[in-house]
Structures are given as structure tokens and as C-alpha cells.
Amino acid sequence: MASDAVTLIKNDHRVMERLFDQMKSRKGDRAALLKECVARLSAHSWAEEERVYPAIVKADPPEQGEVYHGVEEHHEAEQLMHKLEEMDPKSAEFESTLDEFIEAVKHHVEEEETKILPALTKSVGADRLVELGAAFEERRLAVLTEHGFLDGPPGQGGAGTSADMSKEELYEQAKEADVPGRSKMTKEELAEAVRKAG
């Protein structure tokens with residue numbers, strides 16, 4: 001199972017994109033989806049800014065401008081997200097702000113995946129990428145716990161690990177590990193397969 005920072009960050013991007021699709025479809029509880037978006041985006045941004053971005057600046061100082069730009073984009077997206085929290089999910093204003101929010105995040109993801117993450121890969125070795133991945137995931141899970149999306153402290157037994165991921169996240173990790181039969185597995189079976197593959 002891949003556990004380097006680049007793979008974990010990209011996997012998190014895909015989870016956010018699926019959440020956006022759900023919100024745009026107008027199916028399900030939009031308030032609950034927004035709450036999950038807030039938790040996941042906060043966890044992702046904080047984990048990157050605290051655990052990954054400093055390593056890029058240290059290893060590749062010319063990329064400092066891109067990193068600071070990435071932090072600015074996190075803050076812009078968070079401001080839009082907090083505006084959404086104050087709105088009625090059935091209003092036209094919510095729709096237009098949601099579009100703006102999704103576009104801002106997608107723009108950031110594209111820049112991060114084409115500039116910042118390649119710079120990180122080029123600047124540090126494979127072992128360091130795995131260390132950064134562990135640090136990123138630890139912080140991300142801690143923030144998700146603070147937001148009430150995980151039970152218990154991350155990294156202790158099953159808590160904060162594959163048992164607390166969504167079925168979609170587990171499927172992505174099973175796909176990454178090339179687990180056979182993953183498309184027919186329940187969430188629990190995916191969690192067990194991912195645990196064994198790791």
C-alpha cells in the first residue's frame with residue numbers, strides 16, 4: 001500500500017472531488033456533506049501546511065513562492081467554505097458560492113499536482129516521502145478526530161487508521177495495493193484487505 005506523501009495527498013484530492021460531485025448532485029443531506037467537506041479540507045490543508053510544505057521549502061528553496069501561493073489558496077478556499085456554512089443550502093446564493101468554492105479548490109489541486117508535488121518528489125528521496133506521508137496522515141487524522149469524524153486518537157490500534165476511512169477511501173487504497181476482488185468487498189472487507197496489504 002502506497003504511503004508516501006504525494007500519493008496520500010492525491011488520494012485525499014480524489015475524495016474531495018467525490019464529495020463535490022455529491023454536493024453538486026443535490027442528492028443526500030447537503031448540510032452533512034458540507035460539514036464533511038469542512039472537516040476534510042481543514043484536515044488536508046493543515047496537514048500540508050504543517051508537515052509537508054516546510055519540507056519543500058527546505059529541500060527546494062526556489063519553490064518557496066509556489067508553496068506560499070498554495071497556502072494562500074488554502075485560505076481563500078477556507079473563507080469560501082465558511083461563507084457556505086452560514087448559508088441556506090437551498091438558496092441560489094449557496095449554489096453560486098459552492099461553484100466558486102469548488103472551482104477554487106480544483107484550481108489549487110491542479111497547481112499542487114502539477115507544480116508543488118513534482119517539486120517535492122524531485123527534491124527528496126523515497127524514504128523522506130514516506131516519512132512525510134506518515135506525518136501528513138497523522139496530522140490529517142488528528143484534525144478529522146477534532147471535527148468528530150474519527151473516534152479516538154489516530155495511529156492507535158484500529159482507531160484513526162483504515163477502520164475509520166470511508167468505503168471510497170478504503171477502495172482507493174485497495175486499488176493502489178492492487179487487491180483482487182476489491183469492487184465486490186464490503187467496507188469491513190476492504191479495511192481488512194488494506195490492513196493486510198500494508
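It should be noted that the structure appears before, not after, this text.
Here goes a summary of the coordinates provided. (Residues numbered from 1 in each chain as written. Predicted model: local features only at pLDDT ≥ 70, side-chain atom pairs only at ≥ 80, totals over all residues. Heavy atoms only, no water.)

**Some thoughts on the environment of His 69**
If you trace the backbone, His 69 turns up in helix α3 (residues 64-85). Given the relative accessible area of 30%, His 69 is considered partly exposed. In this structure the C-alpha to C-alpha distance between His 69 and Glu 112, which are 43 residues apart in sequence, comes to 9.8 Å. Setting aside residues up to four positions removed in sequence, His 69 forms contacts with His 107 and Glu 111. Within the local environment of His 69, its side chain forms a polar contact with the side chain of Glu 73, the two groups lying 2.9 Å apart. (Helix = DSSP H or I, 4+ residues; strand = E, 2+ residues; numbered from the N terminus. Buried < 20%, exposed > 50% of the residue type's maximum accessible area, 1.4 Å probe, protein only. Contact = heavy atoms within 4.5 Å. Polar contact = N/O pair within 3.5 Å; in protein donor to acceptor, adjacent residues only side chain to side chain.)

**Thoughts on the pattern of salt bridges**
For the structure shown, the criterion picks out 12 salt bridges. When the shortest N-O distance is used, the salt bridge between Glu 138 and Arg 51 registers 3.4 Å. You can see Glu 138 sitting in helix α5 (residues 126-146) and its partner Arg 51 sitting in helix α2 (residues 30-59), a full 87 residues away along the chain. What makes Arg 51 partly exposed here is its relative accessible area of 29%. Notably, a salt bridge pairs Glu 131 with Arg 128, separated by 3.1 Å at the nearest N-O pair. Here Glu 131 pairs with Arg 128, and both are found in helix α5, just three residues apart, close to one helical turn. For Glu 131, a relative accessible area of 47% gives the class partly exposed. For Arg 128, a relative accessible area of 36% gives the class partly exposed. In the salt-bridge network here, residues are joined through shared partners; they are Lys 24, Arg 30, Glu 95 and Asp 99. (Salt bridge = Lys/Arg side-chain N within 4 Å of Asp/Glu carboxyl O.)

**Section: the side chain of Arg 140**
Mapped onto the fold, Arg 140 is located in helix α5. Not counting the four nearest positions on each side in its chain, Arg 140 is found in contact with Asp 12, Arg 40, Ala 43, His 44, Ala 47 and Glu 169.

**Some thoughts on the packing of α2 against helix α4 (residues 92-123)**
Interhelical geometry of α2 versus α4 gives an angle of 25° and a closest axis separation of 12 Å. When the interaxial angle is binned, α2 and α4 end up roughly parallel. Handedness of the α2/α4 crossing: left-handed. From α2, Arg 30, Leu 34, Cys 37, Leu 41, His 44, Glu 48, Val 52, Tyr 53, Ile 56 and Ala 59 reach across to α4, where they touch Phe 94, Glu 95, Leu 98, Phe 101, Val 105, His 108, Glu 112, Ile 116, Leu 120 and Ser 123. Grouping the amino acids of the contact of α2 with α4 by side-chain chemistry returns 13 nonpolar, three polar and four charged. (Axes fitted to C-alpha atoms, helices over the stretch in contact; angles between N-to-C directions. Parallel < 35°, antiparallel > 145°, perpendicular 65-115°, else oblique. Left-handed = near helix turned anticlockwise from the far one by under 90°. Nonpolar A, V, L, I, M, F, W, Y, C, P; charged D, E, K, R; others polar.)

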